[in-house]
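Secondary and tertiary structure notes
Letter by letter, the chains look like this.
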Amino acid sequence: MTLLQLEGVSVRFGERAAQYALDGVDLAVAEHEVVCVLGPSGSGKSTLLRVVAGLQQVSAGRVLLGGADQADVPVHRRGVGLMFQDHQLFPHRDVGANVSFGLRVRGAGRAPSADRVAQLLELVGLPGAQSRAVASLSGGEQQRVALARALAPSPRLLMLDEPLGQLDRGLRERLVVELRGLFSRLGTTVLAVTHDQGEAFALADRVVVMRDGRIAQAGTPLEVWQRPASEFVARFLGFENVVPAVVSGPWAATAWGKVPVPAGSPEGEQRLLIRPAGVVLCAAGLKCEVASRTFRGTHVALVLRPETGPVLEAECGLAGAPAVGDRVEVTFTPAEVVVLPEEDAG
Ligand SMILES: Nc1ncnc2c1ncn2[C@@H]1O[C@H](COP(=O)(O)OP(=O)(O)OP(=O)(O)O)[C@@H](O)[C@H]1O
């Protein structure tokens, strides 16, 4: 069942603003679904959250929660929980008071149950931390307290704005896995905003990529990864191997030579993406020099300077990875090649 629905939502800051911060956005979030909104700075992600929370008026369109139009529903009546980037904890109160504030503010009664606070702290991995001072907590611990506070009133929709934004990468990666487990156990419906692809892909059932106030693509992480809807999305995901191509049958003519394309690809002049995994070292193919080599844990990322055409990103296994300056030859696998739809289609 759909919990949240945005219908043609537009926001413009001032009549003369050149551009809409949100421009006719349609989006549905199902109950228990975790949706992550991704996009470059200024693409409208925070404005989208603020509109749903009721902190930002729409210029056009409707926001529905559980089928009910929220136009006249004030922030505190919407039943949404919000957790912002800077987590806004009260620095002079202890952990327990910060969490119970989340209960009190939604009218859970004057004496929020100590049991519930204990239960929430347990849930976020800080059992027994009630009397600790907020100032004594690490960044990751503060993030957990903020999460416990946001979850305290059992919101029907939890909204997170760059929830792990300020934490270091290792901690973020661990917390993402924890959050994913927690949301799935609780069946929480989540709308999160991030500009970190890795975070969005690890957390979400569905990702929504925004560009200039519009949705450039929405789909499961796998769909978006495998079939970026435009060159913009492909580049936003960090793919650099994008070139003009002329597609004819199973082949595309490119600056890198003939590249095999998946069956059924559109013909004619196109833009072509080759994911790094599709650039394979072989005995005889496009001649390249290895310009750089980066160890990535599970594989080695290579930047190759081909005889013809722009630099090429490739991946290879750890064993037998070539060194910088080595001469190699590469071929392409069609499963990792995507003929990108026209920009406008996004
Ligand atoms: N209060 C405001 N007044 C005027 N313009 C605004 C206001 N808030 C946001 N904007 C503009 O609306 C657009 C979308 O902003 P928004 O903060 O939603 O983007 P974002 O994707 O969340 O960016 P970031 O990742 O940097 O937080 C931007 O062009 C921004 O400058």
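Above this text sits the structure in question.
As the structure is a computational prediction, the values presented were derived from the model and not from experiment.

1. Side note on the overall build of the protein chain
A tally of regular secondary structure across the protein chain gives 8 helices and 20 strands. Across its three principal axes, the protein chain shows a C-alpha extent of roughly 75 × 45 × 35 Å. Relative to its full complement of 346 residues, the protein chain shows a buried share of 46%. In the protein chain, the share of contacts with a sequence separation of at least 24, taken over all contacts with a separation of at least 6, comes to 66%. Charge centroids of the protein chain, computed over 34 positive and 37 negative side chains, lie 6 Å from each other.

2. Describing the side chain of R275
Relative to the elements of secondary structure, R275 occurs in the loop between β14 (268–274) and β15 (279–282). With residues near it in sequence (within four places) discarded, R275 still touches W225, Q226, P228, F239, N241, A335, E336 and V338.

3. Side note on helix α4 (residues 139–151)
For α4, spanning 13 residues, the distance from its first C-alpha to its last is 18 Å, which sits close to the expected 18 Å at 1.5 Å a residue. Of all 13 residues in α4, 11 are buried, a share of seventy percent or more. Residues of α4 that are buried include every one of G140, Q142, Q143, R144, V145, A146, L147, A148, R149, A150 and L151, and no others.

4. A word on the site of the ligand
Around the ligand, the structure places F13, A21, P40, S41, G42, S43, G44, K45, S46 and T47. Residue S43 places a main-chain N or O atom 3.1 Å away from an oxygen atom belonging to the ligand. At a separation of 2.5 Å, an oxygen atom of the ligand approaches a polar side-chain atom of T47. Broken down by class, the residue content of the shell around the ligand amounts to 3 nonpolar, 6 polar and 1 charged.

5. Examining the nonpolar core
With 53 residues, the main nonpolar core has V99, L147, L158, L160 and F183 as its most contacted residues. In contact with L160, other than residues within four places in its own chain, are L49, M83, L147, F183, V190, L191, A192 and V193.

6. A look at the sheet that holds strand β7 (residues 157–161)
Pairing within the open sheet is mixed, and its 6 strands lie in the order β6-β7-β8-β3-β9-β10. Unpaired on one side and paired on the other, β6 (80–83) and β10 (214–219) mark the two borders of the sheet. Across the sheet, the axes of successive neighbouring strands diverge by a mean angle of 20°, strand direction being ignored. Taken together, the 4 bridges between β6 and β7 define a ladder with parallel strand orientation. Paired with M83 across the two strands is L160, which belongs to β7. Sheet contacts for helix α1 (residues 45–53): β3 (34–38), β6, β7, β8 (190–194) and β9 (206–211); angle to β7, the most-contacted strand, approximately 150°.

Each value, and the rule that gives it
- Starting afresh in each chain, residues are numbered from 1 along the sequence in its written order.
- This being a predicted model, a pLDDT of at least 70 is required before a residue's local features are given, and a value of 80 or more before pairs of side-chain atoms are given or counted; all residues contribute to the totals for chains, interfaces and linings.
- Remark: hydrogens and water are excluded; side-chain values derive from all non-hydrogen atoms of the structure.
- Labels follow the DSSP assignment, with helices taken as runs of H or I lasting at least four residues and strands as runs of E lasting at least two, numbered in each case from the N terminus.
- Buried, partly exposed and exposed residues are distinguished by accessible area as a fraction of the type maximum, computed with a 1.4 Å probe on protein chains only: under 20%, between the cut-offs, and over 50%, respectively.
- By definition in these notes, contact holds between two residues if any of their heavy atoms fall within 4.5 Å.
- Here the positive residues are Lys and Arg and the negative ones are Asp and Glu; neither His nor the chain ends is included.
- The atom standing in for a charge is NZ when the residue is Lys, CZ when it is Arg, CG when it is Asp and CD when it is Glu.
- To estimate the expected span of a helix, subtract one from its residue number and multiply by 1.5 Å.
- Throughout, near means a residue has at least one heavy atom within 4 Å of the molecule or strand.
- Whenever a nitrogen or oxygen atom comes within 3.5 Å of another N or O atom, the pair is scored as a polar contact, on the condition that within protein one atom can donate a hydrogen and the other can accept it, and that pairs from neighbouring residues in sequence are kept only if both atoms are in side chains.
- Each residue gets one of three labels, nonpolar for Ala, Val, Leu, Ile, Met, Phe, Trp, Tyr, Cys and Pro, charged for Asp, Glu, Lys and Arg, and polar for the others, Gly among them.
- Grouping buried Ala, Val, Leu, Ile, Met, Phe, Trp, Tyr and Cys residues that are joined through side-chain atoms within 4.5 Å yields what is termed a nonpolar core.
- Paired strands are those between which DSSP finds at least two bridges.
- What counts as an axis is a line fitted to C-alpha atoms, over the stretch in contact for a helix, and the angles between N-to-C directions run from 0 to 180 degrees.

Read these as spatial facts, not as claims about activity.
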